[in-house]
Amino acid sequence: MRALTCVAAGLVLASSAAAQPPRAGLVVPGRSLGGLGLGATPAQVHAAWGTRYGRCRNCRESTWYFNFRRFEPQGAGVTFRNGRAVALFTLWSPPDWRTDRGLKIGDPALRVAGLYGSLLRTPCTNYYALTIPGRRATTTIYVFDDQVWGFALLARGQRVCR
């Protein structure tokens, strides 16, 4: 039994060491971003996205940034409150991310209305956010220079502008 426990622990460590933020991430509005949902624990985030991340020094809540390459801003991030994910978001317009309806980063902003209808628009610094309200989560589509720039999945009370 002890040998089985050691083997199982080794498999968990091996799988988390190989984990990294998804380069081709999927956003399911109201449910998940990059394979994670709101409420994920740090251990679940490590298992899905790995353990190579930077911590935000100036954030009120614990926020981790997972970059695809060192010192380059593209990737994904997660914010925790009380040990649970309250925000999951993309960083700096990573290519190959899309929603389950096919909206892609880099698409013209006009395509959003065709797929999701009229959405609440929130002005942010140098960009704006379009929000899809949900029962358990708000999904946000970020637009910069009239193109889809990024996505977020946010719990109630989380700032739309990031």
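Scroll up for the structure.
Just so you know, these numbers come straight off a predicted model, no measurement behind them.

**As for the overall build of the protein chain**
Now for step 1: A tally of helices and strands in the protein chain yields 3 helices and 11 strands.
Now for step 2: Counted from the first residue to the last, the protein chain has its helices and strands arranged as α-β-β-α-β-β-β-β-β-α-β-β-β-β.
Now for step 3: Looking at the protein chain as a whole, 39% of its 162 residues are labelled buried.
Now for step 4: For the protein chain, the proportion of contacts with a sequence separation of at least 24, taken over those separated by at least 6, is 47%.
Now for step 5: Surface accessibility of the protein chain: about 9700 Å² in total, with carbon and sulfur atoms responsible for 53%.

**As for the sheet that holds strand S1 (residues 26-28)**
Now for step 1: One open sheet holds the 3 strands; their spatial order is S2-S1-S7, and the pairing between them is mixed. The open sheet has two edge strands, strand S2 (32-33) and strand S7 (98-99), and neither has a second partner.
Now for step 2: Two strands pair when backbone bridges link them, and S1 and S7 are joined in this way by 2 bridges, in the parallel orientation. Each bridged residue has a counterpart across the sheet, and for Val27 the counterpart in S7 is Thr99.

**Overview of the pairing of strand S4 (residues 62-67)**
Now for step 1: Of the strand pairs in this sheet, strand S3 (residues 54-55) and S4 are connected by 2 bridges, and their pairing is antiparallel. Looking across to S4, one finds that Gly54 is bridged to Tyr65.
Now for step 2: As paired strands, S4 and strand S5 (residues 75-81) are joined by 6 bridges and run antiparallel to one another. Opposite Thr63, over in S5, you have Thr79 as the bridge partner.

Cut-off values and rules
- Residues numbered from 1 in each chain as written.
- Predicted model: local features only at pLDDT ≥ 70, side-chain atom pairs only at ≥ 80, totals over all residues.
- Heavy atoms only, no water.
- Helix = DSSP H or I, 4+ residues; strand = E, 2+ residues; numbered from the N terminus.
- Buried < 20%, exposed > 50% of the residue type's maximum accessible area, 1.4 Å probe, protein only.
- Contact = heavy atoms within 4.5 Å.
- Areas by Shrake-Rupley, 256 points an atom, 1.4 Å probe, with all protein chains shown as cover.
- Pairing = 2+ DSSP bridges.

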